[in-house]
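# Chains, contacts and geometry: an overview
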Amino acid sequence: MVVTPIDMASASIILLLVMVVGVALLRNRQNLLIQTSFSLSAAASLLSAVAGAWTVGSGRTEKMILMIGLPDLPFHLRLDPLAGFFLSVVGLLAFFVSVYSIGYVKGFLGRRSVTRLIVFYCLFIAGMFMVILADDALFFLISWEAMAAASYFLVMFEDENAENRRAAFLYMVVAHVGAVAILLSFGVMAGLAAGFDNFSGFTFDAMRQARFPVEWATVAFLLAFFGFAAKAGVVPLHVWLPEAHPVAPSNVSALMSGVMLKTAIYGIIRVTFDIIKIFPWWWGSIVLTLGLVSAVMGVLYAMMEGDIKRLLAYSSVENIGIIMVGIGLAMIFSSFKMPVLAALSLTASLYHVMNHAMFKGILFMGAGAVLHATHERNMEEMGGLIHRMPWTAVLFLVGCISISALPPFNGFVSEWLTFQAFLLSPSLPIPLMKLLMPLGAALLALTGALAAATFVKAFGVTFLGHWRGSRRTHIREVDWTMRSGMTLAALACLFLGIMPAFFIDWMDILAEQLVGAKLSVSATAGGWMWLTPVAPERASYSGIIVFFGVLIVYGIVYFILHVNPGKIHRGPIWDCGFGKLTNRMQYNAASFSMPIRRIFGFLFKIKEEVSLAPQSAHPAFPKKLHYHLKVRDRFWNWIYKPVAEASFWFSRKVGMLQQGRIQTYLIYSFVTIIVLLLFVK
Amino acid sequence: MNMSGIIIETLQVVLLIGLAPAFTGWVRMLKCWSQGRTSASLFQPYRDLAKLFSKDVVLAENASWIFRFTPYLIFGTVVLAGGIIPMLSTDLPLSPTADVIVLVALFAIARFFTALAGMDIGTAFGGMGSSREMMIASLAEPAMLMAIFTVSLTNKSTSLARIVEVIFSGQSVLKPSLAFAFLAFVLIVLTETGRVPVDNPATHLELTMIHEAMILEYSGRHLALIEWAAMMKLFVFMALGAALFAPWGIASANTPQTIPMAFVYLLLKIGASGVVLVLIETGLAKMRLFRLTEFLGSAFLMATLGMLSFFILE
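Residues numbered from 1 in each chain as written. Chains lettered and ligands numbered in written order. Predicted model: local features only at pLDDT ≥ 70, side-chain atom pairs only at ≥ 80, totals over all residues. Heavy atoms only, no water.

## A look at the overall build of chain A
Secondary structure summary: chain A contains 26 helices and five strands in total. For 681 residues, the compact-globule estimate of 2.2 N^0.38 gives 26 Å, and the C-alpha radius of gyration of chain A, at 27 Å, lies within 12% of that figure. Burial status across chain A gives 60% buried among its 681 residues. When the accessible surface of chain A is summed, it comes to about 26,900 Å², and 68% of that surface belongs to carbon and sulfur atoms. (Helix = DSSP H or I, 4+ residues; strand = E, 2+ residues; numbered from the N terminus. Rg over C-alpha atoms; globule rule 2.2 N^0.38 Å. Buried < 20%, exposed > 50% of the residue type's maximum accessible area, 1.4 Å probe, protein only. Areas by Shrake-Rupley, 256 points an atom, 1.4 Å probe, with all protein chains shown as cover.)

As structure tokens, then:
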């Protein structure tokens, strides 16, 4: 028997699902349970990642039909290069995070049972794999709900805090509103594909065959986009994300931010490029605009944040925005029949999907390591951790450099490709777009620079300087499993950064299948060292030369200066002769972001309070100063509060139907039957 | 890859490292003259560097490896940037490594680490400098990109060597879009290199420091490397301006006749840019921090105007 990728992927899903049930056997031996289950989930994830990478590499498509589920509605599975790409991204990060979890979850031992965490962790990963493999609307939605429900319970894991319960509830509501929209979208497409009187249209294959009239296609697209955007956390549907992601255990946060959001991106690409295929250009401009808004707003929110995990969650909003920008550009170019430019934008976007999974993985794992060691999420209480946790510091720094889009790491590659796609937008036939698109590039540049500022703050306040907290806890470096999970992700960031041509060559089949043009003819034409989208004389970049160039100059200068080095004296910090420096006098997260808060503050609802506690002796010399800062999301009052109030009002009105008397209910049934009889012939 | 290319490349990097302090000396000299002061010699920056290199390093007790790593990294990125920009010739083996966008990002990574080093010790000054520097950078970056965008629209490329060649072949001369982009570029160079009115490299007055605040804790060879890198950065930006807007004299082939001429042209252009820089610096006063949004906003506006005029006029 020949093993095919889809067999491997199914085997990994089965293994995960077996574990969901099987962990009950070991629930009394928690330590052993953690080791076995996370090793197995690491193996299962790696298996899926290999299956995905193999599919993309070989470019073949495989299908499988499972005769389970409802009668006459079997589950269809399909592993094509697009699914394979996402499978490998999800699988790879899930592998890193599973290795990390062995150490991380041990932190809960003695405090609570981790059985529930492990059950839903396995179900969560299996759910993501199934979403990607699903090839019919029914199986897709079942998997989608399994994924959402599993992640809901993971967010609820530490359910003694009211904050966590509230976040999980909000998450559940948004996830379901989104799921309903997706369901309706599939309904529209299935109905158009095979009529509303039978179920044969529910497979994606049937939908692919169909030709949709443009107005119905628009309805289907807008519904699907709304649903997936709610899952991805696109502004203004982002409010749940900074609530739900931070309160989950950090290994789960890494998966939620790193890859669960990507399943929504997968859904958007699947629906637009694979199922609907032909669309007007203005769909792309919607995606592009919302992407830009998410990118800028996301990073500004992140900048204002003082809680390290919330900061990272907001930064996921930003990165989803950048991915959306690439997808939007690809849609615009593709609707104007410019396949090469569409391929460039789509590749940029997919490359960012992979990059964001890796660096957001490290950053959440790093934040988890900090949380594990210090039991603290508030950056204002941290500082100087680079001395206590040297490994975590280096790995977190790699994540910060990558996410700030700085060469030679991976974030830069996708951002650079997106810029190149923007630079080619003047070839579009609509004059207004020619004028507006470069402004999009400027917003992207603003995003990149603000991201750098945000992560200087995140790293600087957490790891550098002195410990700011009042509590002096005993802080130790985390164990080797946690470190190796992060190290693997950091290495992935480096390789994705210095060898982009290799990876673009590998994933080129996606662009070919989805928008009908290959990039590798031009992008990697100059050999594996050079990345030259479109043409070498247009623009070129070599990450590996930048990396080694800087290293070589560094080495030479270091060597020359250390042939006969002067002495290094260590001394106390220069305090300007004041002599009363305390650790509270350092710049902290709130003060670091103050200039940017002042410039972009009009976008937020900022409440700043300063109160002085006067000294009894003289009012001119206050004893204590209290500074209270609250940055609120304006969208909350603009959209969510009215919607929430309206739905409460509506349910109160509907609630009046409930009299609690059986007679009244019988009358309702009677009236309903009469009305139905009037309509049914 | 050819031998002559490698030789020119090496020559260019050596020139950059060697001449950058002299250029800074030249700017300081002009500034003194324009303000009616007696100036130090053109070679004073070399003496300053030599003095710093011979001194011992004093580190704060809690300085981490980031603090010691940063000076070398900054030096490395600036030298690499100098190898990429066509100063003498467009036929450089390193030139395809990076286009203008990568070049900007190279400076961004140097800035990222400088800002981290500023926060490493945990003094208020360092953090203040880092916070301000990152704020200014985030406003300058969009303007910079718009300027690059405009130039690349005219030349259909973001590769520096290609831009220079296109201007040579006469396809783009003195266009209004380039003029606007140039004005924007000047404002951005003042920002990126920390000159008046954005920052004052000569001041150590606590309330106005930006770049100097971040590196306040440095001493000895570390400080020397940072100072030297700052001088090279100024030089590199002048050369970048020359390559983008006035590339005349840069050799397109490496022959023994063209290279000396290119060298003379380079000296003339850089010398003249020093005069312009001093005229701007003496004519303006340092701006308040929060007025920089207007300054950089106008840079952005000018670059956008350049782009619009490209679409409308050209």
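## A closer look at the overall build of chain B
If you tally the helices and strands in chain B, you get 11 helices and one strand. Going from N to C terminus, chain B has its helices and strands arranged as α-α-β-α-α-α-α-α-α-α-α-α. A compact globule built from 314 residues would reach a C-alpha radius of gyration of about 20 Å, and chain B, at 19 Å, matches this within 12%. Expressed along its principal axes, the backbone C-alpha trace of chain B runs to roughly 55 × 45 × 40 Å. Buried residues in chain B amount to 64% of all 314 residues. Of the contacts formed within chain B by residues at least 6 apart in sequence, a portion of 80% connects residues at least 24 apart. Working note: accessible area of chain B is about 11,000 Å², and carbon and sulfur atoms make up 69% of it. Distance between charge centres in chain B, computed from 19 positive and 19 negative side chains, equals 5 Å. (Contact = heavy atoms within 4.5 Å. Lys, Arg positive; Asp, Glu negative; His and termini not counted. Charge placed at Lys NZ, Arg CZ, Asp CG, Glu CD.)

## Considering the packing of aromatic side chains
The geometry of two aromatic rings is summed up by the distance between their centres and the angle between their planes. Evaluation of the coordinates by the stated rule reveals 51 aromatic pairs over all chains. Consider the rings of W144(A) and F228(A), whose centres lie 5.4 Å apart with planes at 85 degrees: the pair is edge-to-face. With W144(A) in helix α5 (residues 137-155) and F228(A) in helix α8 (residues 214-232), this residue pair connects regions lying 84 residues apart in the sequence. Each member of the pair, W144(A) as well as F228(A), is classed as buried. Judged by centre distance (5.2 Å) and plane angle (85 degrees), the rings of F502(A) and F503(A) are edge-to-face. Exposure remark for F503(A): the relative accessible area of 18% places this residue in the buried category. Put simply, the rings of Y554(A), Y558(A), W65(B), F69(B), Y72(B), F112(B) and F113(B) touch in pairs and so form one group of aromatic residues. Above the ring of W144(A), the side-chain terminus of K231(A) is found at 5.5 Å from the ring centroid. Lying across the ring of F290(B), R598(A) places its NZ or CZ 3.9 Å from the centre. (Phe/Tyr/Trp six-rings, centres within 6.5 Å; stacked < 30°, edge-to-face > 60°. Lys NZ or Arg CZ within 6 Å of the ring centre and 35° of its normal.)

## Observations regarding the interface of chain A and chain B
Taken together, the contact between chain A and chain B spans 75 residues of the former and 74 residues of the latter. Summed over the three residues of chain A that lose the most area to chain B, namely Y554(A), R570(A) and Y587(A), the buried surface amounts to 10% of that side. In this assembly, chain A and chain B are joined by zero salt bridges. Between the two partners, chain A and chain B, sit 23 residue pairs in polar contact (both at pLDDT 80 or more). Contributing elements (two or more residues each) for the side of chain A that touches chain B: α14 (385-388), α15 (390-403), α16 (410-423), α17 (431-463), α22 (543-561), β3 (568-571), α23 (589-592) and α24 (594-600) of chain A. The leading source of residues in the side of chain A that touches chain B is α17(A), at 17 residues. Taken together, the residues that form the side of chain A that touches chain B break down as 54 nonpolar, 15 polar and six charged. Sheet topology places β3(A) next to strand β1 (residues 57-60) of chain B; four bridges connect them, and they run parallel. Counted as the bridge partner of G571(A) is A60(B) from β1(B). (Buried area = accessible area lost by both parts, 1.4 Å probe. Salt bridge = Lys/Arg side-chain N within 4 Å of Asp/Glu carboxyl O. Polar contact = N/O pair within 3.5 Å; in protein donor to acceptor, adjacent residues only side chain to side chain. Nonpolar A, V, L, I, M, F, W, Y, C, P; charged D, E, K, R; others polar. Pairing = 2+ DSSP bridges.)

## Considering empty space enclosed by the protein
It is the rolling of a water-molecule-sized probe over the atoms that shows where space remains empty. Counted according to the given criterion, the structure contains three cavities of 30 Å³ or more. Estimates place the volume of the largest cavity at around 250 Å³. Looking at the lining of the largest cavity, the elements with two or more residues in it are α16 and α17 of chain A together with α4 (100-120) and α5 (124-155) of chain B. With seven residues, the top contributor of residues to the lining of the largest cavity is α5(B). Put simply, the second largest cavity is a space of about 40 Å³. A per-class count over the lining of the second largest cavity returns two nonpolar, five polar and one charged. (1 Å grid on protein atoms, 1.4 Å probe; cavity = no way out; pocket = protein on both sides within 12 Å on 5 of 7 lines; lining within 4 Å. Points joined across faces, edges and corners; volume = space filled by probe spheres on them.)

## Quick look at the pairing of strand β2 (residues 75-79) of chain A
Residue and element names in this part refer to chain A. Of all five residues that make up β2, five are buried, and the element is covered over most of its length. Where burial is concerned, the two faces of β2 agree: the one with F75, L77 and L79 and the one with H76 and R78 are both buried. Here five bridges tie strand β1 (residues 62-66) to β2, and the two strands are oriented antiparallel to one another. Across the sheet, the residue bridging to L66 is F75, located in β2.

## Section: the domain arrangement of chain A
When the domains of chain A are assigned, the result is domain 1 (1-196), domain 2 (357-561), domain 3 (601-632) and domain 4 (637-679). Centre-to-centre separation of domain 2 of chain A and domain 3 of chain A, based on C-alpha positions: 37 Å. (Domains from an automatic or database assignment.)

## Thoughts on helix α1 (residues 5-22) of chain A
Residues and elements named next belong to chain A. Helix length check: α1 (18 residues) gives 25 Å between terminal C-alpha atoms against 26 Å at 1.5 Å per residue, within 8%. For α1, the set of buried residues is P5, I6, M8, A9, S10, S12, I13, L16, M19 and V20. The inward-facing, buried residues of α1 contact α2 (30-58), β1, β2, α3 (81-106) and α4 (115-133). (Expected span 1.5 Å × (residues − 1).)

## Here we look at the pattern of salt bridges
Residues and elements named next belong to chain A. For the structure shown, the criterion picks out 21 salt bridges over all chains. Among the salt bridges present, the one from D159 reaches R116, with a minimum N-O distance of 3.8 Å. One end of the pair, D159, is in the loop between α5 and α6 (162-194); the other, R116, is in helix α4, and 43 residues separate them in sequence. With relative accessibility at 30%, the residue R116 sits in the partly exposed group.

## Examining the nonpolar core
One finds F85(A), F86(A), F140(A), F186(A), F273(A), F459(A) and F112(B) to be the most contacted residues of the largest nonpolar core, which totals 374 residues. Take this core: its biggest share by element is 22 residues, from helix α13 (residues 339-374) of chain A. Looking at which domains feed residues into this core, each of domain 1 (1-196) and domain 2 (357-561) of chain A gives three or more. Other than its neighbours up to four places away in sequence, F112(B) contacts L397(A), C400(A), I401(A), S404(A), L406(A), A452(A), F455(A) and V456(A). (Core = buried A, V, L, I, M, F, W, Y, C linked by side-chain atoms within 4.5 Å.)

## Here's the deal with the packing of α3(A) against α13(A)
All names here are of chain A. Packing of α3 against α13 brings their axes to within 10 Å, and their N-to-C directions diverge by 10 degrees. Classified by the angle between their axes, α3 and α13 sit roughly parallel to one another. Facing α3, whose interface residues are F85, F86, V89, L92, L93, F96, V97, Y100, G103 and Y104, α13 presents L350, V353, M354, A357, M358, G361, F364, M365, G368, A369, L371 and H372. Residue composition of the contact of α3 with α13, by class: 18 nonpolar, four polar and no charged. (Axes fitted to C-alpha atoms, helices over the stretch in contact; angles between N-to-C directions. Parallel < 35°, antiparallel > 145°, perpendicular 65-115°, else oblique.)

## Some thoughts on helix α18 (residues 480-498) of chain A
All names here are of chain A. A rise of 1.5 Å per residue sets the reference length of α18, with its 19 residues, at 27 Å; its end C-alpha atoms lie 26 Å apart and thus fit the reference within 8%. Residues T481, M482, G485, M486, A489, A490, A492, C493, L494, L496, G497 and I498 constitute the buried set of α18. Tucked inside the fold, the buried residues of α18 contact α3, α13, α15, α16, α19 (500-506) and α22.

## Examining the confidence of the model for chain A
Put simply, chain A has an average pLDDT of 90, and 99% of its residues get 70 or more. Across chain A, the secondary-structure element scoring lowest on mean pLDDT is helix α21 (residues 520-523) of chain A, at 67, and the one scoring highest is α15(A), at 96. (pLDDT = per-residue confidence, 0-100.)

## Here we look at the environment of T77(B)
With respect to the secondary-structure elements, T77(B) resides in helix α3 (residues 65-84). Taking the C-alpha atoms as reference points, T77(B) and M29(B), separated by 48 residues in sequence, lie 28 Å from one another. Setting aside chain neighbours within four positions, we find T77(B) in contact with V550(A), L106(B), I109(B) and A110(B). Engagement of the side chain of T77(B) in a polar contact is seen with the backbone oxygen of I74(B), the distance being 2.8 Å.

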